[in-house]
Amino acid sequence: PSLADLLYALQEIDGLERIRLVTLHPSYVTTLFAESIRDCDKVDRFLPLPAQAGSDSILRAMKRGYTLDLYRERLAILREAVPDIELGSDWIVGFPGETDADFEGSLEFLAEVGFVVNYVFKYDPRPSTKADERLDDDVPETVKKERNQRLLRAAERTQRARFQAYRGREVRVFAESLSERDDRIVLGRTMHGMPVSFEGGEELLGSNVPVEIDESTAYGMAGRRVITPDPAG
């Protein structure tokens, strides 16, 4: 059985409203997997598919098992089947041996793919890990911090553009919780993994709610619940 088979099986379970995938390696992305996302309307159109770095030499040092071109090939498979899919990525800056050119590659790859969610981390040697045992932590801490901030700013620009594209559109939001600051505000996520807030009550939790997006930032959106008139009057 494959991951695609699992998604098809989950799709048939009554009462299961939303299927959300967690971090995957690019090797999981096959045509069958992409088609299962396309075919199963309960599956989020959001996939955490970390790139980690925008340099083949750094990916090789990390032993990630793929190149940028292979990542692009898997991404093409996904977008052919699910054109509106959104992606998330983790990034590590200051990995041993990372040059200025390597880091610039990360900036470029982030913009090229257009990741809507980005988690950026400075490399930090961990005792008893393979990287700690075989690699010298040769990137100065000041350089790591500077690269970390630059990549965060680049991610913010990309995210703001991705979120802004949804303004004025109606989206389905799975209502997850009430705001701790204001229990009149419902917090949820769209089918594309994007956080949305809107006015509502506890009775909406656990359901899919149509919301028209009015506002957006680099980190989320806000909108108004769309209430369809009752034909019966």
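Attention here is on the structure that accompanies the text. (Residues numbered from 1 in each chain as written. Predicted model: local features only at pLDDT ≥ 70, side-chain atom pairs only at ≥ 80, totals over all residues. Heavy atoms only, no water.)

Some thoughts on helix α4 (residues 68-81)
- Between its terminal C-alpha atoms α4 stretches 20 Å, which fits the 20 Å expected from 14 residues at 1.5 Å a residue.
- Of the positions making up α4, those classed as buried are Leu-68, Tyr-71, Arg-74, Leu-75, Leu-78 and Ala-81. Looking straight down α4, one finds that the buried residues subtend no more than 150 degrees of arc, so they occupy a single side. (Helix = DSSP H or I, 4+ residues; strand = E, 2+ residues; numbered from the N terminus. Expected span 1.5 Å × (residues − 1). Buried < 20%, exposed > 50% of the residue type's maximum accessible area, 1.4 Å probe, protein only. Arc of directions from axis to C-beta.)

Quick word on helix α7 (residues 141-164)
- Across its 24 residues, α7 extends 34 Å between first and last C-alpha, which sits within 8% of the 34 Å expected from 1.5 Å per residue.
- Inspection of α7 places Lys-144, Arg-147, Asn-148, Leu-151, Ala-154, Ala-155, Thr-158, Gln-159 and Phe-163 among the buried residues, and these make up the whole buried set.
- The inward-facing, buried residues of α7 contact β2 (86-93), α5 (100-113), β3 (117-122), β6 (195-199), β7 (208-216) and β8 (221-225). (Contact = heavy atoms within 4.5 Å.)

With respect to the packing of helix α1 (residues 3-11) against helix α2 (residues 31-39)
- It is the contact of α1 with α2, at a shortest axis distance of 8 Å, that shows an interaxial angle of 15 degrees. Relative to α2, α1 is oriented roughly parallel. Seen along the crossing, α1 lies across α2 with a hand that is left-handed. Where α1 approaches α2, its residues Leu-3, Ala-4, Leu-7 and Tyr-8 are matched on the opposing element by Leu-32, Phe-33, Glu-35, Ser-36, Ile-37 and Asp-39.
- Broken down by class, the residue content of the contact of α1 with α2 amounts to seven nonpolar, one polar and two charged. (Axes fitted to C-alpha atoms, helices over the stretch in contact; angles between N-to-C directions. Parallel < 35°, antiparallel > 145°, perpendicular 65-115°, else oblique. Left-handed = near helix turned anticlockwise from the far one by under 90°. Nonpolar A, V, L, I, M, F, W, Y, C, P; charged D, E, K, R; others polar.)

So, the pattern of salt bridges
- A full pass over the atoms with the stated rule returns 17 salt bridges.
- With a closest N to O distance of 2.9 Å, Arg-150 and Glu-104 form a salt bridge. Of this pair, Arg-150 sits in helix α7 while Glu-104 sits in helix α5, and the two are 46 residues apart along the sequence.
- Asp-214 is the salt-bridge partner of Arg-224, the closest N and O atoms lying 2.8 Å from each other. Of this pair, Arg-224 sits in strand β8 while Asp-214 sits in strand β7, and the two are ten residues apart along the sequence.
- Counted as one network, the salt bridges with shared partners bring together Arg-18, Arg-20, Asp-44 and Glu-176. (Salt bridge = Lys/Arg side-chain N within 4 Å of Asp/Glu carboxyl O.)

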